[in-house]
Amino acid sequence: MDTVIRPRILVIGAGFAGVECVRRLERKLAPDEADVTLVTPSAYQLYLPLLPQVASGVLTPQSIAVSLRRSKKYRTRIIPGGAIGVDLKSKVCVVRTITDKIVNERYDYIVLAPGSVTRTFDIPGLTEHAFGMKTLAEAAYVRDHVIAQLDLADASDDPAERAARLQFVVVGGGYAGTETAACLQRLTHAAVQRYPRLDPGLIKWHLIDIAPKLMPELGDKLGRSAQEILRRRGIEVSLGVSIDKAGAEEVTFTDGRAVPTHTLIWTAGVVASPLIATLGAETVRGRLAVTTEMTLPGHDGVFALGDSAAVPDKAKGEEGAICPPTAQHAMRQGRKVADNVIATLRDQPLLPYVHKDLGLVVDLGGKDAVSKPLGIELRGVPAQAVARGYHWSALRTNVAKTRVMTNWLLNAVAGDDFVRTGFQARKAARLKDFEFTDSYLTPEQVRARVEGGAAEHP
């Protein structure tokens, strides 16, 4: 008997783009049309915009981590691991599994949605002493660390050490940095009431950014409103300023100020996954240059989307405009790429990606928020309702929606809790310990690995 070999579709990444693509492929492809495989280190989809609320304890970690194995109806094969290289010529993806074994995964069609990693610069001490806010583990760890600073300050009899532990620095005036500073400031403000020996006036939060404006995408009025909310809470906002060097107990700003602190949170933007550099293909500001159909020119069966792809933004109507790396675009791109993969399989024409941005929402915790849905500027409770309504509706499963809504209601009624989970019981961890950006291969190593084939480790 002749064996029928189905086309192999390999999807890299389980973020908004990758998961939306996989789920649409499962719904629209017949079981005998193709085999779908997903490569991801963790079998869950993380709802990144709500990470600051996990760090502040408003939401539990599992409420924004949507399991990919929960339903029995899905047929996608999941490979637990990370893609560390792609040989486009041989149609092979090199994968490091969670057991640290390196395998070659062949494909007929590949969807590259590896997402992004925290953007860092060559600043002395940065990766050794800063925390990020890009993964679930980082958010949970940062929460533990911040509460630990209150405990350690309370236990200290040294005024200088106490003051240093109660100062916190957040770098990055975008959505992630602003929401992180706002949410964690609320946590420390509430928690310090439970420490009679600590002077609440010693708690100081600094939010700094090299840009001249806070969240410029919001526009001048809403940006100023957000800045005023932060300053009213006691958060010192410094613009046109960055980090000159970072130490274990002090951070020096580029304006010369030296701030004694044990907490530096770095959220100054993202860059495409290092996987993109292994392809040896053309990039735009580090993101893979693709067509409006999200195909890679010159390579059949290669699609790229999300944070790692420079997808032309046709809705803007501006020459050279590319879609911003947001969940809103990634989810819609995932569905469109799935449609185009299916169209390729069935010899049908591909369709371009066009989506007009629906607006922006920024949740500053409590009743504070600024939002710009469909260009309408909102502040306060109306903005908060829009922000949380948008996030809630974007969650993929009813279980996740129920968990998040329950957490919000419980927090509104019962307030915050200040329990540490013990992540810091043994070894301190920083930015460089969470994202594993040094595990990727070079294009030459990928080629050697594919041609050699036999070795399990590079």
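Position numbers for residues count from 1 along each chain, tracking the sequence in the order it is written. Given that this is a predicted model, residues contribute local features only at a pLDDT of at least 70 and side-chain atom pairs are listed and counted only at 80 or more, while totals for whole chains, interfaces and linings are drawn from all residues. Neither water nor hydrogens contribute to the side-chain values; these are computed over all heavy atoms in the structure.

For the chain, the name recorded in an unreviewed UniProt entry is NADH dehydrogenase, with Streptomyces cellostaticus as its organism.

S.K.: What am I meant to see in empty space enclosed by the protein here?
M.R.: The probe, sized like a water molecule, is rolled over the atoms to show the empty space still left. Note on definitions: the grid is 1 Å and covers protein atoms alone; a cavity is a set of points where a 1.4 Å probe fits but cannot get out; a pocket is an open set with protein on both sides within 12 Å along at least five of seven lines; lining residues have an atom within 4 Å of a point. Grid points are joined across faces, edges and corners, and a volume is the space filled by probe spheres set on the points. Here the structure, examined in full by the defined rule, presents 4 cavities of 30 Å³ or more. By volume, the largest cavity amounts to about 50 Å³. If you trace the largest cavity, you find it lined by F16, Q45, L46, Y47, V66, M331, A394, L395 and R396. Asp, Glu, Lys and Arg are counted as charged, while Ala, Val, Leu, Ile, Met, Phe, Trp, Tyr, Cys and Pro are counted as nonpolar; the rest, among them Gly, fall into the polar class. Residue composition of the lining of the largest cavity, grouped by class: 7 nonpolar, 1 polar and 1 charged. If you trace the second largest cavity, you find it lined by H129, G247, A248, V251, T261, H262, T263, L264 and R430. Looking at side-chain class alone, the lining of the second largest cavity contains 3 nonpolar, 5 polar and 1 charged residues.

S.K.: Can you walk me through the sheet that holds strand β15 (residues 258-260) in this structure?
M.R.: As a general point, the strands of a sheet are linked pairwise by backbone hydrogen bonds and lie either parallel or antiparallel. Read from one edge of the open sheet, 3 strands run β13-β14-β15, paired in antiparallel fashion. Of all strands in the sheet, those bounded by a partner on one side alone are β13 (243-246) and β15. Strand-to-strand twist in this sheet, taken as the mean axis angle between neighbours without regard to direction, amounts to 20°. Pairing of strand β14 (residues 250-253) with β15, which is carried by 3 bridges, proceeds in the antiparallel orientation. Bridge pairing in β15 places E250 opposite P260. Should DSSP find at least two bridges between two strands, the strands are regarded as paired. Per the convention used, a helix needs a DSSP run of H or I reaching at least four residues, while a strand needs a run of E reaching at least two, with both numbered from the N terminus. Axis definition: a line fit to C-alpha positions, over the contact stretch in the case of helices; interaxial angles, taken between N-to-C directions, run 0 to 180 degrees.

S.K.: Any chance you could explain the sheet that holds strand β22 (residues 359-363) here in plain terms?
M.R.: Ordered by their spatial adjacency, 3 strands build an open sheet running β22-β23-β24, and the pairing between neighbours is antiparallel. Across the chains shown, the open sheet's two edge strands, defined by having one partner strand only, are β22 and β24 (378-379). Here 5 bridges tie β22 to strand β23 (residues 369-373), and the two strands are oriented antiparallel to one another. Counted as the bridge partner of V361 is S371 from β23.

S.K.: Would you mind showing me how to read the pairing of strand β11 (residues 204-209) here?
M.R.: The two faces of a sheet get side chains in turn, since along a regular strand they alternate between them. Summarising burial for β11: 5 of the 6 residues are buried, a large majority. Pairing of strand β10 (residues 167-171) with β11, which is carried by 5 bridges, proceeds in the parallel orientation. From the neighbouring strand, V171 faces β11, where its bridge partner is I208. Place the viewer so that the strands point away; then a crossover is right-handed whenever the path from the first strand over the helix to the second strand goes clockwise. The parallel pair β10 and β11 is bridged by helix α6 (residues 175-191), and the resulting crossover is right-handed. Sheet topology note: the β11/strand β12 (residues 235-239) ladder contains 5 bridges and is parallel. If you follow H206 over to β12, its bridge partner there is E236. Only protein chains enter the calculation, and the probe is 1.4 Å; a residue is then buried if its accessible area is under 20% of its type maximum, exposed if over 50%, and partly exposed in between.

S.K.: Help me out: how do you make sense of the nonpolar core in this one?
M.R.: In this description, a nonpolar core means a group of buried Ala, Val, Leu, Ile, Met, Phe, Trp, Tyr and Cys residues linked to one another through side-chain atoms lying within 4.5 Å. Ranked by internal contacts, the top residues of the largest apolar core, which has 110 residues, are I9, I12, L25, I64, V86, I110 and L112. Where each domain starts and ends comes from a domain assignment, either automatic or drawn from a database. If you count residues domain by domain, this core takes at least three from each of domain 1 (8-119 + 271-357 + 435-454) and domain 2 (120-267). Non-local contacts of I12, meaning those with residues more than four positions away in its chain, are made with V39, A83, C93, I110, V111, L112, A113, P114 and L275. Judged by nonpolar contacts, the second largest core, of 15 residues, contains L126, V169, I243 and W266. Contact between two residues is taken to exist if any of their heavy atoms lie within 4.5 Å; hydrogens are not considered.

S.K.: Would you mind showing me how to read the pairing of β13 here?
M.R.: Pairing of β13 with β14 involves 3 bridges; the strand directions are antiparallel. Its bridge partner lying in β14, A246 is registered against V251. The antiparallel hairpin formed by β13 and β14 contains 3 residues in its connecting segment.

S.K.: Explain the packing of helix α4 (residues 136-155) against α6 here, please?
M.R.: For any two helices packed against each other, the geometry comes down to the angle between their axes and how far apart the axes lie. Between α4 and α6, the shortest axis-to-axis distance is 11 Å and the interhelical angle comes to 35°. In the packing of α4 onto α6, the handedness of the crossing is right-handed. Mapping the contact onto sequence places V142, R143, V146, I147 and L150 in α4 and L184, L187, T188 and A191 in α6. Considered class by class, the residues forming the contact of α4 with α6 number 7 nonpolar, 1 polar and 1 charged. Throughout, a crossing is termed right-handed when the near helix is turned clockwise from the far one, and left-handed when it is turned anticlockwise from it by less than a right angle.

S.K.: How should the pattern of salt bridges be read in this particular structure?
M.R.: Think of it this way: side chains of opposite charge can pair up when their charged atoms draw near. One side-chain nitrogen of Lys or Arg within 4 Å of one carboxyl oxygen of Asp or Glu is enough to make a salt bridge. What the rule picks out here adds up to 22 salt bridges. In this structure, R23 and E26 form a salt bridge, with 3.0 Å as the shortest nitrogen-oxygen distance. With R23 and E26 both in helix α1 (residues 16-28) and 3 residues apart, the pair spans about one turn of that helix. Grouping residues by exposure puts R23 and E26 together as buried. Measuring nitrogen to oxygen at the nearest pair gives 2.8 Å for the salt bridge that ties E33 to R346. Of this pair, E33 sits in the loop between α1 and β2 (35-40) while R346 sits in the loop between α8 (327-345) and β22, placing them 313 residues apart in sequence. Connected through shared salt-bridge partners, R24, K28 and D339 make up one network.

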